[in-house]
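An overview of the molecular structure
The chain contents come next:
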Amino acid sequence: MSMKVVQCWDDGVNDDIRLTDIFRKHGAKASFNLNPQTHRAERNGGFSERWGKTIERLAKSELAAVYAGFTIANHSQSHPWPTRIPLSDWRDEVFDARKILQDWFQRPIHGFVYPFGDCDAATADVVREAGHCYARTTKNTTPCWPAEDPMFFHPDCHFHKDNFWELYEQAKASNCGVFYFWGHSYEICTEEQWTAMDKQIARITADPDTEWAELPELFGVTTQV
Ligand SMILES: [Zn+2]
């Protein structure tokens, strides 16, 4: 059985342009998790000292071209801490964002990703009720599949994890059928890291024992990208 490899990337930032070019080059499928309220007429967000470079949310007008051919998932309207705001506000964050993304991309939005990985039973119920078939956390567990509760879908690991390939092989050996990794493109900072990313994606594409898959497929939903 071929293992399905799924990946998703958060926050809709400028480095997604370079990342999606790499994915297209290697025929990799991927999902991008967006916060519609943060995408305005111009790019915004500015310089980030922590990463030593300018990290900006893409302008609204850039989204269609950057993400053409990829899956879009909901990451809430404005990226709050889900469990720290009133549940009614959280409800608006989730429902409004899904509606806007569906309108912008003219397709159903099936996936959700909790901002900061912050979630609990009540916030997850809202996500489920809004019509999503899965919601990703930041709790990493290998193997990630089958997800005990799709509203708490724990990925295998972050893309930068030192033992990424060990976890990848472990998932293959477990015959669980799925390997799921995630990250933010702004975490790729140096040219060496960009080259490493290119090689990481190329190696997965070249692996005869695996195939790229769209996340909603895992839950029986056929996607249109
Ligand atoms: Zn985020």
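Preceding this paragraph is the structure being described.
A few points on the structure. Please read these numbers as outputs of a predicted model, since none were measured by experiment. (Residues numbered from 1 in each chain as written. Predicted model: local features only at pLDDT ≥ 70, side-chain atom pairs only at ≥ 80, totals over all residues. Heavy atoms only, no water.)

**Quick word on the state of the cysteines**
For clarity, the threshold we go by: Note on terminology: disulfide denotes any pair of cysteine sulfur atoms within 2.5 Å.
This structure, assessed with the given rule, holds 0 disulfides. Between Cys144, a free cysteine, and Cys176, which holds the nearest cysteine sulfur, the sulfur-to-sulfur gap is 5.8 Å.

**Things to note about helix H4 (residues 121-129)**
The test is simple: Burial here depends on accessible area, computed with a 1.4 Å probe over protein chains only, as a share of the maximum for the residue type. Under 20% is buried, over 50% is exposed, and the range in between is partly exposed. Comment: elements are numbered from the N terminus, with helices defined as DSSP H or I runs of at least four residues and strands as E runs of at least two. An arc is given here, and it is the one of the directions from the helix axis to the C-beta atoms. In what follows, residue pairs with any heavy atoms lying within 4.5 Å of each other are defined as contacts.
Buried residues of H4: Thr123, Ala124, Val126 and Val127, and no others. Mapping the buried residues of H4 onto a view down its axis gives an arc of 155 degrees, with all of them on the same face. Opposite its buried face, H4 presents the exposed residues Ala121 and Glu129, each directed more than 90 degrees away. In the core, the buried residues of H4 are packed alongside helix H3 (87-105), strand S6 (111-113) and strand S7 (134-136). Where H4 terminates, the next one or two residues include Gly131, which has phi positive at roughly 105 degrees.

**Observations regarding the coordination of the zinc ion**
Cut-off, in case you're wondering: The rule for donors is simple: an N, O or S atom within 2.8 Å of the metal counts, and for Na, K and Ca the reach is 3.2 Å. Water is not among the atoms, so a site may look short of donors.
Protein coordination at the zinc ion: the donors are Asp11 (OD), His75 (NE2) and His79 (NE2), at 2.0 to 2.1 Å from the metal. Between the donor residues of the zinc ion, the gaps in sequence give the motif D-x63-H-x3-H. Comparing His75 with His79, the two get one shared label, buried.

**Thoughts on the packing of aromatic side chains**
Where we set the bar: Note on ring pairs: Phe, Tyr and Trp rings are taken, using the six-membered ring of Trp, and paired if centres are within 6.5 Å. Classes follow the plane angle, with under 30 degrees stacked, over 60 edge-to-face and the rest tilted.
Considering all chains together, one arrives at 25 aromatic pairs under this definition. Seen from their ring centres, Phe164 and Tyr168 are 6.4 Å apart, and the 15 degrees between their planes marks the pair as stacked. A residue pair is termed a helical-turn pair when its members lie 3 or 4 positions apart in one helix, as Phe164 and Tyr168 do in helix H5 (residues 164-173) at 4 residues. Each member of the pair, Phe164 together with Tyr168, is buried. Among the aromatic residues, ring-to-ring pairing joins Trp9, Phe23, Phe32, Tyr67, Phe70 and Phe159 into one connected group.

**Here's the deal with the nonpolar core**
What counts, and what does not: By nonpolar core we mean a set of buried residues, namely Ala, Val, Leu, Ile, Met, Phe, Trp, Tyr and Cys, connected to one another through side-chain atoms within 4.5 Å.
Of all hydrophobic cores here, the largest spans 34 residues; its most connected members are Phe23, Phe32, Tyr67, Phe179 and Phe181. Among the elements of the structure, strand S1 (3-10), helix H1 (16-26), strand S2 (31-34), helix H2 (63-66), H3, H5, strand S9 (178-183) and helix H6 (191-206) are those that each provide at least two residues to this core. Among residues more than four places away in sequence, those in contact with Phe32 are Trp9, Asp16, Leu19, Thr20, Phe23, Tyr67, Phe70, Thr71, Ile72 and Ala73. Core analysis: the second largest hydrophobic core is formed by 16 residues, Cys8, Tyr134, Phe153 and Leu218 among them.

**Points about the packing of H5 against H6**
Note the threshold: In this description, a line fitted to the C-alpha atoms serves as the axis of each element, helices being fitted only across the stretch in contact, and the angle between N-to-C directions of two axes falls anywhere from 0 to 180 degrees. Under this scheme an angle from 65 to 115 degrees is roughly perpendicular, one under 35 degrees roughly parallel, and one over 145 degrees roughly antiparallel; angles in between are oblique. Helix crossings fall into two classes, left-handed where the near helix is turned counterclockwise from the far one by less than a right angle and right-handed where it is turned clockwise.
Axis separation between H5 and H6 bottoms out at 13 Å; the angle between their running directions is 15 degrees. Classified by the angle between their axes, H5 and H6 sit roughly parallel to one another. Here H5 and H6 pass one another in a crossing that is right-handed. The segment H5 lies against H6, with Phe164, Trp165 and Tyr168 engaging Gln200, Arg203 and Ile204.

**Observations regarding unusual backbone geometry**
That bond from Thr142 to Pro143 is cis: its omega, -5 degrees, falls within 30 degrees of zero. For Pro143, the location among the structural elements is in the loop between S7 and strand S8 (157-158). Along the chain, Trp145 connects to Pro146 via a cis peptide bond; the corresponding omega equals 0 degrees. Position of Pro146 among the secondary structure elements: in the loop between S7 and S8. The backbone phi angle of Ser76 is positive, close to 85 degrees, even though this residue is not glycine.

**So, the pairing of S1**
Defined as follows: A strand pair is defined by DSSP finding two or more bridges across the two strands. Orient the strands so they point away from the viewer, and a crossover whose first-strand-to-second-strand path over the helix runs clockwise is right-handed.
With respect to burial, S1 is a largely interior element, 7 of its 8 residues being buried. Both S1 and strand S10 (residues 210-212) contribute to a ladder of 3 bridges, which runs parallel. Bridging across to S10, Val5 finds its partner in Trp212. In this structure, S1 lies alongside S9, joined through 6 bridges in parallel fashion. Bridge assignment links Lys4 to a residue of S9, and that residue is Val178. Direction of pairing for S1 relative to S2: parallel, over a ladder of 3 bridges. Among the inter-strand pairings, Trp9 is bridged to a residue of S2, identified as Phe32. Taken together, S1, H1 and S2 form a β-α-β motif whose crossover is right-handed.

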